[in-house]
Amino acid sequence: GIEKDNTDRSMVQRRLRLPSACVSGGVNVWSILSANIGKDLSKVAMPVQLNEPVNTLQRLCEEMEYCHLLDTAAHTQDPHMRMVYVAAFAVSMYACTFTRAGKKPFNPVLGETYECERPDKGFRFISEQVSHHPPVSACHCESKNFTLWQDVRWKNKFWGKSMEIVPVGTTHIVLPCFGDHYELNRVTSCIHNILSGQRWIEHYGEMTIKNTGTIEDTSVCKVTFLKSKSRSLNTNDVEAVVTDSEGHVVHSLFGKWNEALYLGDPPSAICIWRANPMPEDYEQYYGFTQFTVELNELNESISPFLPPTDTRFRPDQRLLEEGDIAGAEEQKERIESLQRERRRLLQENNITHTPRFFKWSEDDSWISNGTYWHLREDPGFSKLEFSVLW
Ligand code: PIF
């Protein structure tokens, strides 16, 4: 299946930049927020200028940029070193957020989907918006070395100057060759200076990584994302320790979530992960990494295979990417009212929405129902019915 139409695509030259730089100015975040104090912000339609041209489904895919760390883990015999690579991957998931405090991702409509097949990185990824209120995005990523799934739900706390985003849910990483099943929690993210001045993003709190897959490996990794004392002091620092079944420290790691992670103690520490260099002019292009730039690319080699619900077809996000703010805003409002209409019809008929490619599992998370890639190949999405999202 996976080989069929991607052998050519792995050779394809991907785009190096977005079609248009970010058009700045225009939105007064303060006026929006002050008009909605005390309200759940996820229930307020925000102007499209607050958005960057990727959505939360694609944001989950961005976290796969450094998946080679999971490939390395899958080829590492020593369970404590496997934990080190899994921890490095977990830290790397935050790297792309460093340059991204200025905007928010698009909020997908219910039933919106996204796929990303990257033979060059060895994975294929799917995601779907499985709930609208509250917004929940679920994803599933598979390769011959690992499977990763997670769903992301947020609790927003708006503190006036800053906004805290408290994630709910568990990230699962399976390494089938060792029977490992790692579970980890995400830490709190905070956007500072939301109303005025330079916005910046911070992640803090403790992440615990446990291997629940085997009884032999009871090691645990605790990753601490440190709160900085100020904008310029010890920012983005992380520390991690891997402890064995007796609680003895086997490995320690340190670094910065936006830069690099080291194993051991200085000066003999070795670099386990380093963030890729940013593309030229990234500041003008929403602070996107090269990998992010590629996520919303649409061309003839892929469009015939995608379901009509794929984010790449969503017109407001496409128009924003092209720099057409007015067109994007008009489409955003149109798409939102279509969604309200669908919701009204469901309510009138007492029907609850069922996600197409994910199902709710007993362990309190959304998991893939395993149908996406089969249906994509046979009969193909062009032969299937989908509701019209835009
Ligand atoms: C709309 O989403 P927006 C609202 O949900 C609206 O209620 C709904 O109408 P309905 C519309 O259909 C939606 O399109 C609001 C909210 C959405 C997220 C999740 O896109 C990501 O207009 C948040 O936005 C991550 O936004 C933030 O939630 C990380 O998109 C940076 O709550 C927020 C975020 C607030 C951001 C503050 C500014 C940060 C720079 O009638 O169906 O209810």
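Just above, that's the structure.
A brief report on the enclosed structure follows.

Here is what the cut-offs are and how they apply
Starting afresh in each chain, residues are numbered from 1 along the sequence in its written order. With the structure being a predicted model, the display of local features is reserved for residues of pLDDT at least 70 and the display and counting of side-chain atom pairs for 80 or more, all residues being used for whole-chain, interface and lining totals. For the side-chain quantities, the full set of heavy atoms in the structure was used; hydrogens and water were omitted. In this analysis the probe radius is 1.4 Å and the grid spacing 1 Å, with only protein atoms considered; a cavity is a set of points the probe fits into but cannot get out of, a pocket is an open set with protein on both sides within 12 Å along at least five of seven lines, and lining residues have an atom within 4 Å of a point. Grid points are joined across faces, edges and corners, and a volume is the space filled by probe spheres set on the points. The way it works is that DSSP assigns letters per residue, a run of H or I at least four long becomes a helix, a run of E at least two long becomes a strand, and they are numbered from the N terminus. Charged residues are taken to be Asp, Glu, Lys and Arg, nonpolar residues to be Ala, Val, Leu, Ile, Met, Phe, Trp, Tyr, Cys and Pro, and polar residues to be all remaining types, Gly included. Patch membership requires over 30% relative accessible area and the absence of a salt bridge. Like charges are linked within 9 Å, and nonpolar side chains (Val, Leu, Ile, Met, Phe, Trp, Tyr) within 5 Å. Exposure was quantified through the Shrake-Rupley algorithm and a 1.4 Å probe, taking into account, for residues, occlusion by the shown protein chains and nothing else. Each salt bridge in this description consists of a side-chain nitrogen of Lys or Arg and a carboxyl oxygen of Asp or Glu lying within 4 Å of one another. Positive: Lys, Arg. Negative: Asp, Glu. His and the chain ends are not part of the count. Throughout, a charge is located at the NZ atom of Lys, the CZ atom of Arg, the CG atom of Asp or the CD atom of Glu. Relative accessibility decides the category of a residue: with a 1.4 Å probe and only protein chains considered, values under 20% of the type maximum give buried, values over 50% give exposed, and everything between is partly exposed. We call a set of buried residues a nonpolar core when its members are Ala, Val, Leu, Ile, Met, Phe, Trp, Tyr or Cys and they connect through side-chain atoms within 4.5 Å of each other. Residue contacts are counted whenever heavy atoms from the two residues lie within 4.5 Å of one another. Note that a disulfide, as used here, is simply two cysteine sulfur atoms within 2.5 Å. A helix's residues, less one, multiplied by 1.5 Å, set its expected span. Whenever a nitrogen or oxygen atom comes within 3.5 Å of another N or O atom, the pair is scored as a polar contact, on the condition that within protein one atom can donate a hydrogen and the other can accept it, and that pairs from neighbouring residues in sequence are kept only if both atoms are in side chains. Here, strands pair whenever DSSP counts at least two bridges between them.

### Notes on empty space enclosed by the protein
Thinking step 1. Summed over all chains, the structure comprises one cavity of 30 Å³ or more.
Thinking step 2. In this model, the largest cavity occupies a volume close to 210 Å³.
Thinking step 3. Along its surface, the largest cavity is lined by 15 residues, and Arg14, Glu294, Glu297, Ile302 and Arg312 are the ones closest to its centre.
Thinking step 4. Looking at the lining of the largest cavity element by element, the count peaks at four residues for strand β3 (residues 113–118).
Thinking step 5. Residues of the lining of the largest cavity, tallied by class, amount to five nonpolar, three polar and seven charged.

### Remarks on the environment of Val250
Thinking step 1. If you trace the backbone, Val250 turns up in strand β14 (residues 249–256).
Thinking step 2. C-alpha separation for the pair Val250 and Arg334, spaced 84 residues apart in sequence, amounts to 56 Å.

### Concerning a negative patch on the surface
Thinking step 1. A contiguous patch of negative charge on the surface is contributed by Glu322, Asp324, Glu330 and Glu333.
Thinking step 2. Owing to a relative accessible area of 45%, Glu333 belongs among the partly exposed residues under this scheme.

### With respect to the nonpolar core
Thinking step 1. Phe123, Phe125 and Ile209 are the most contacted members of the largest nonpolar core, which totals 67 residues.
Thinking step 2. Looking at this core, the element that brings in the most residues is helix α4 (residues 79–92), giving 10 residues.
Thinking step 3. Ignoring sequence-local partners within four residues, the contact set of Phe125 consists of Leu57, Leu60, Cys61, Met64, Tyr114, Glu115, Cys116, Cys139, His140, Cys141 and Trp373.

### Topic: the state of the cysteines
Thinking step 1. On inspection of all chains with the given rule, the structure shows zero disulfides.
Thinking step 2. Left unpaired, Cys190 is separated from the closest cysteine sulfur, that of Cys96, by 17 Å.

### Here we look at helix α7 (residues 325–348)
Thinking step 1. Taking 1.5 Å of rise per residue, the 24 residues of α7 would be expected to cover 34 Å, and the 35 Å separating its terminal C-alpha atoms lies within 8% of that figure.
Thinking step 2. Listed as buried for α7 are Ile325, Gly327, Ala328, Gln331, Lys332, Ile335, Glu336 and Gln339.
Thinking step 3. Of the surrounding secondary structure, the elements contacted by the buried residues of α7 are β1 (51–55) and α6 (315–321).
Thinking step 4. For α7, the N-terminal cap is Asp324; the gap from its side-chain oxygen to the backbone nitrogen of Ala326 is 3.5 Å.
Thinking step 5. With its phi angle positive at about 60 degrees, Asn350 sits one or two positions after the end of α7.

### Describing the pairing of strand β7 (residues 163–168)
Thinking step 1. Where strand β6 (residues 147–158) meets β7, six bridges bridge the pair, whose relative direction is antiparallel. Across the sheet, the residue bridging to Trp154 is Pro167, located in β7.
Thinking step 2. Note that β7 and strand β10 (residues 188–192) share three bridges and pair antiparallel. When the bridges of β10 are listed, Glu164 appears paired with Cys190.

Fair warning: the whole summary comes from geometry, so function is off the table for now.
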